[in-house]
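# Reading the structure
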Amino acid sequence: MTLKKKLFLAVSPVILLFLAIAGLALWVSGGGQDASASVPETLDTTPYRTYEAVVPDSPLRLRHFVSELNEINVSSSMIMGEQDMVLVATQATKLAAERLADEIEATGLNLETVYLGHAHTDHSQGASVLKQRFPEAQFLAAPRVSELQQLRMADDDERAISRFGENAAVPSVPFEPFDSDVITLEGREIQLWHDYYGDAGLGHPDEPHTVVYIPDLKALLGTDILYYDAHMMMGGSTPESREKWKAQIRDWMELDLAVAIPGHVPRQSVTDMTPEGVLKHSLTYIEAYEKALESNKTSNQVIEQMLNQYPDVEHKSALYMGVYLNFQETHKLLFNPRLEAVARWLPDSWVRLADEQLFEASVEAANPH
């Protein structure tokens, strides 16, 4: 046997292994979530709920826009005066943001300000659509929220494209820092309550949320601290942060509220939504989630217990994502069924190591150094 042939026989298994790994990687990379899943086939016809001011002679009103179930049921709050409007939170997808823009245009009001309560893509991504439709509007957030949102824009866009495809609302629009506790709309005060605890995601447990309070309506816009008739995103929270989260809600239960807007709610549920109902659902859900974490050892067991306890509640993606984050099963957060299929065939120790490294890298990328 010639030396050339011996070398070929020795090297060929390595080449075949390399080609197999490259082919597998290529196959996995093409296995993202079906983007069409984010496009609703039909639209819920439940009317958007409008709240009137409780203070005499105030011109302010509040209209609660909610996207569809497969658009993550995101709340956007249209605070309306006689001529101008302040919008709190955009949407997660292009189509949802387009419908929101249509709703804003239909009022005939000038969109003056778009305000972001926390730096998560499902509430900020739709700004790209709104910026095109309303180029004179200001896009503002508290300084800490603005810093995080701008830091994450590139990763947010990449994640949105992976999840929503052509329905991704990209590129992200930066929300500029606004260092104030008040926004004024036609001479009426809108209060900004900063540095509250809620959905942390890949952020630190104390990731900041700004809560918007409108005295003229006794309305609390609770961002992703509050949910209603929906699974809550608990990922990234800790026992300490959840204690503070629950304490905030108990404090709000003592307020004389006429309106409480949750960050996520199925549109059909808004008709019977009350401040008491929103606050109670949010508090009892956190308590139930903590009990599920304490009494189970695996992510699947926690998910099963919560689904059994809340069998008719929507927004299940928040439950799955939150549990996977708390268990640092990071590969399950990439919206790639092919990757999950490969992971099931690999040794658990390999998957855990890869998850830990991916989690640490993701957290580092999502937070200031």
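The following refers to the structure shown. (Residues numbered from 1 in each chain as written. Predicted model: local features only at pLDDT ≥ 70, side-chain atom pairs only at ≥ 80, totals over all residues. Heavy atoms only, no water.)

### A word on the overall build of the protein
The cut-off we apply is this: Helical segments are the DSSP runs of H or I of at least four residues, strand segments are the runs of E of at least two, and each set is numbered from the N terminus. The reference for a compact globule is 2.2 Å times residues^0.38; the radius of gyration itself is calculated from the C-alpha atoms. Note on exposure labels: buried denotes an accessible area under 20% of the residue type's maximum, exposed denotes more than 50%, and partly exposed covers the range between, all computed with a 1.4 Å probe on protein chains only. Pairs of residues are marked as contacts when any of their non-hydrogen atoms sit within 4.5 Å. All accessibility values rest on the Shrake-Rupley procedure with a 1.4 Å probe; residue burial counts only the protein chains present in the view.
Tallying secondary structure elements over the protein gives 12 helices and 12 strands in all. The globule rule puts the C-alpha radius of gyration for 369 residues at 21 Å, and the 23 Å found for the protein is close to it. Along the first, second and third principal axes, the C-alpha set of the protein runs to 100 × 45 × 40 Å. For the protein, the proportion of its 369 residues judged to be buried stands at 51%. Contacts in the protein between residues far apart in sequence, at least 24 positions, make up 71% of those at least 6 positions apart. Per element, the accessible surface of the protein, about 17400 Å² overall, is 55% carbon and sulfur.

### Section: the pairing of strand S2 (residues 61-66)
Look at any regular strand and the pattern is simple: side chains alternate between the two faces of the sheet. Put simply, the rule reads: Only strands that DSSP links by at least two bridges are regarded as paired with each other.
In terms of residue burial, S2 counts as a mostly covered element, since 5 of its 6 residues are buried. Taken together, the 4 bridges between strand S1 (residues 49-52) and S2 define a ladder with antiparallel strand orientation. In the sheet register, Tyr51 faces S2, and the bridge partner there is Leu62. Sheet topology places S2 next to strand S3 (residues 75-80); 6 bridges connect them, and they run antiparallel. Among the inter-strand pairings, Arg61 is bridged to a residue of S3, identified as Met80.

### Looking at the sheet that holds strand S12 (residues 259-261)
By definition, the strands of a sheet pair up through backbone hydrogen bonds, in either a parallel or an antiparallel sense. This is how the line gets drawn: All axes here are fitted lines through C-alpha atoms, helices being fitted over the stretch that makes contact, and every angle between N-to-C directions spans 0 to 180 degrees.
Spatially, S8-S9-S10-S11-S12 is the arrangement adopted by the 5 strands of the open sheet, whose pairing is mixed. Bordering the open sheet on either side are strand S8 (182-185) and S12, each of which pairs with just one other strand. Strand after strand, the sheet turns through a mean of 20° between neighbouring axes, direction not considered. In terms of strand pairing, strand S10 (residues 209-214) meets strand S11 (residues 219-221) through 3 bridges, oriented antiparallel. Paired with Tyr213 across the bridge in S11 is Leu220.

### Topic: the packing of aromatic side chains
We count it as follows: In this scheme Phe, Tyr and Trp rings, the latter by its six-membered ring, pair at centre separations within 6.5 Å, and the angle between planes marks the pair as stacked below 30 degrees, edge-to-face above 60, and tilted otherwise. Two limits define a charge over a ring: the Lys NZ or Arg CZ must be within 6 Å of the ring centre, and within 35 degrees of the ring normal.
Going through the model one piece at a time under the given rule, you end up with 7 aromatic pairs. An aromatic cluster of at least three residues, connected via ring pairs, comprises Trp193, Tyr196, Tyr213 and Trp252. When the ring centre of Tyr48 is taken as reference, the NZ or CZ atom of Arg267 above it lies at 4.0 Å.

### Overview of helix H5 (residues 143-151)
This is how the line gets drawn: An arc is given here, and it is the one of the directions from the helix axis to the C-beta atoms.
The set of residues buried in H5 consists of Val145, Ser146, Leu148 and Gln149. Along the long axis of H5, the arc covered by the buried residues comes to 165°, so they all point the same way.

### Quick word on the pairing of strand S6 (residues 138-141)
Bridge count for strand S5 (residues 110-116) against S6 is 4 bridges, and the pairing is parallel. Looking at S6, one finds that Thr113 is bridged to Gln138. As paired elements, S6 and strand S7 (residues 176-177) share 2 bridges and run parallel to each other. When the bridges of S7 are listed, Leu140 appears paired with Glu176.

### Some thoughts on empty space enclosed by the protein
Here is the rule: Cavities and pockets were defined on a 1 Å grid built over protein atoms only: a cavity is a set of grid points that admits a 1.4 Å probe from which the probe cannot escape, a pocket is an open set flanked by protein on both sides within 12 Å along at least five of seven lines, and lining residues are those with an atom within 4 Å of any such point. Grid points are joined across faces, edges and corners, and a volume is the space filled by probe spheres set on the points. Residue classes follow a fixed rule: Ala, Val, Leu, Ile, Met, Phe, Trp, Tyr, Cys and Pro count as nonpolar, while Asp, Glu, Lys and Arg count as charged, and any other residue, Gly among them, counts as polar.
Under the definition given, this model contains 1 cavity of 30 Å³ or more. Considered as a void within the structure, the largest cavity measures approximately 130 Å³ in volume. Lining the largest cavity are 16 residues, with Ser75, Val88, Ala89, His123 and Thr223 positioned closest to its centre. Contributions of two or more residues to the lining of the largest cavity are made by S3 and S10. Looking at the lining of the largest cavity residue by residue, the classes come out as 7 nonpolar, 9 polar and no charged.

### Topic: the pattern of salt bridges
Selection rule: What makes a salt bridge here is a side-chain nitrogen of Lys or Arg within 4 Å of a carboxyl oxygen of Asp or Glu, nothing more.
Across all of its chains, the model carries 16 salt bridges by this definition. Between Glu103 and Arg63 there is a salt bridge, with its nearest N and O atoms 3.7 Å apart. One end of the pair, Glu103, is in helix H2 (residues 94-107); the other, Arg63, is in strand S2, and 40 residues separate them in sequence. For the salt bridge of Arg133 with Glu98, the shortest nitrogen-to-oxygen distance reads 2.5 Å. A residue pair is termed long-range when its members are at least 10 positions apart, and Arg133 in helix H4 (residues 127-133) and Glu98 in helix H2 qualify at 35 residues. Ionic contacts of the salt-bridge type, sharing partners, join the residues Glu98, Asp102, Glu105 and Arg133 into one network.

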